[in-house]
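Chain and residue survey
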Amino acid sequence: MQHKNSFISISSDDTFSFGSKFSNSIDYGSVIFLIGDLGSGKTTFSKGFASGLGFSDEILSPTYSILNEYKFNGKSLYHFDLYRLKSVNEFLEIGGIEYLNDKKSISLIEWPELIKEMVSDNIIEIKFEHLSEQERKITVL
Ligand SMILES: Nc1ncnc2c1ncn2[C@@H]1O[C@H](COP(=O)(O)OP(=O)(O)OP(=O)(O)O)[C@@H](O)[C@H]1O
Ligand SMILES: [Mg+2]
């Protein structure tokens, strides 16, 4: 069910495939904010997104749990989950800005609220909303 720039997902698989298809319309160098409540499908979407670009092995960051990285063909996908981020400084300390400026990568960021002010240009925002137990509304802003 496609309606304008929003999509109604009826299952976890549906959200995964939406992410997978959506990834093919995104240029390297992009930063994507994923906005939505706990369990709204941000990580499920991200896994689909990675799979759509041919990334398979998720590399858990040895230094920091807020970042997982995928590498493939000299390119990277950075998947941030900033839910537990305490301050902007914490993000800066792990070189957050450098990751976002990496033109050979795409960054997906869950819970971006704390860093929102710092990175304002060229951001794609995707909103995830619970409609029911199994349904999610995904809107590309
Ligand atoms: N249509 C749907 N799309 C995505 N997930 C769904 C859907 N229906 C049910 N679910 C369930 O909702 C949960 C979504 O979890 P997911 O980790 O993707 O959310 P999240 O937004 O990343 O949450 P968090 O903020 O905690 O990181 C999963 O348990 C999944 O099985
Ligand atoms: Mg998540």
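The preceding data block contains the structure.
As a starting point, this report considers the structure included with it. This structure is a prediction, so every number in the text was calculated from the model and none was measured.

**What about the overall build of the protein?**
Within the protein one finds four helices and nine strands. Each helix and strand of the protein, placed in order from N terminus to C terminus, yields the pattern β-β-α-β-α-β-β-β-α-α-β-β-β. The C-alpha radius of gyration of the protein comes to 14 Å, within 12% of the 14 Å expected for a compact globule of 141 residues. Dimensions of the protein, computed from C-alpha atoms along their principal axes, come out at roughly 40 × 35 × 25 Å.

**Details of the coordination of the magnesium ion (ligand 2)**
Coordination of the magnesium ion (ligand 2) by the protein is provided by Thr43 (OG1) and Glu110 (OE), with metal-donor distances spanning 2.0 to 2.1 Å. With a gap of 67 residues between them, threonine 43 in helix α2 (residues 42-52) and glutamate 110 in strand β7 (residues 105-110) connect regions that are remote in the sequence. Given the relative accessible area of 31%, threonine 43 is considered partly exposed.

**Regarding the packing of helix α1 (residues 12-23) against α2**
Look at α1 against α2: their axes get within 6 Å of each other, and the N-to-C directions meet at 45°. It follows from the interaxial angle that α1 and α2 lie oblique. For the pair α1 and α2, the crossing hand works out as right-handed. Within the contact between the two elements, α1 uses Ser12, Thr15, Phe16, Phe18, Gly19, Ser20, Phe22 and Ser23 and α2 uses Thr44, Phe45, Lys47, Gly48, Phe49, Ser51 and Gly52. Taken together, the residues that form the contact of α1 with α2 break down as five nonpolar, nine polar and one charged.

**Here's the deal with the site of ligand 1**
Inspection of the region around ligand 1 gives 18 residues, with Thr15, Lys42, Thr43, Thr44 and Gln134 positioned closest. Here threonine 43 contributes a side-chain N or O atom positioned 2.8 Å from an oxygen atom of ligand 1. Considering ligand 1 on its own, with 640 Å² of exposed area, one finds that the protein chains cover 74% of that surface. Those elements giving two or more residues to the shell around ligand 1 turn out to be α1 and α2. For the shell around ligand 1, the leading source of residues is α2, giving three residues.

**Topic: the nonpolar core**
Counting 19 residues, the largest nonpolar core has Phe22, Ile32, Phe45, Phe49, Leu77 and Ile126 as its most contacted members. Secondary-structure elements contributing two or more residues to this core are α1, β3 (31-36), α2, β7, β8 (123-130) and β9 (136-140). The dominant element in this core, judged by the number of residues it contributes, is α2, at three residues. In contact with phenylalanine 45, other than residues within four places in its own chain, are Thr15, Phe18, Gly19, Phe22, Leu34, Ile126 and Phe128. Val31, Leu67, Leu100 and Ile115 belong to the second largest nonpolar core, which has 14 residues in total.

**A closer look at the pairing of β7**
Most of β7 sits out of view: six of its six residues are buried. Of the two faces of β7, the one holding Ser105, Ser107 and Ile109 and the one holding Ile106, Leu108 and Glu110 are both buried throughout. Across four bridges, β3 lies against β7 in parallel orientation. Bridge pairing in β7 places isoleucine 32 opposite leucine 108.

The rules we used
Residues numbered from 1 in each chain as written. Chains lettered and ligands numbered in written order. Predicted model: local features only at pLDDT ≥ 70, side-chain atom pairs only at ≥ 80, totals over all residues. Heavy atoms only, no water. Helix = DSSP H or I, 4+ residues; strand = E, 2+ residues; numbered from the N terminus. Rg over C-alpha atoms; globule rule 2.2 N^0.38 Å. Donors = N, O, S within 2.8 Å, 3.2 Å for Na, K, Ca; no water. Buried < 20%, exposed > 50% of the residue type's maximum accessible area, 1.4 Å probe, protein only. Axes fitted to C-alpha atoms, helices over the stretch in contact; angles between N-to-C directions. Parallel < 35°, antiparallel > 145°, perpendicular 65-115°, else oblique. Left-handed = near helix turned anticlockwise from the far one by under 90°. Contact = heavy atoms within 4.5 Å. Nonpolar A, V, L, I, M, F, W, Y, C, P; charged D, E, K, R; others polar. Near = heavy atom within 4 Å. Polar contact = N/O pair within 3.5 Å; in protein donor to acceptor, adjacent residues only side chain to side chain. Areas by Shrake-Rupley, 256 points an atom, 1.4 Å probe, with all protein chains shown as cover. Core = buried A, V, L, I, M, F, W, Y, C linked by side-chain atoms within 4.5 Å. Pairing = 2+ DSSP bridges.

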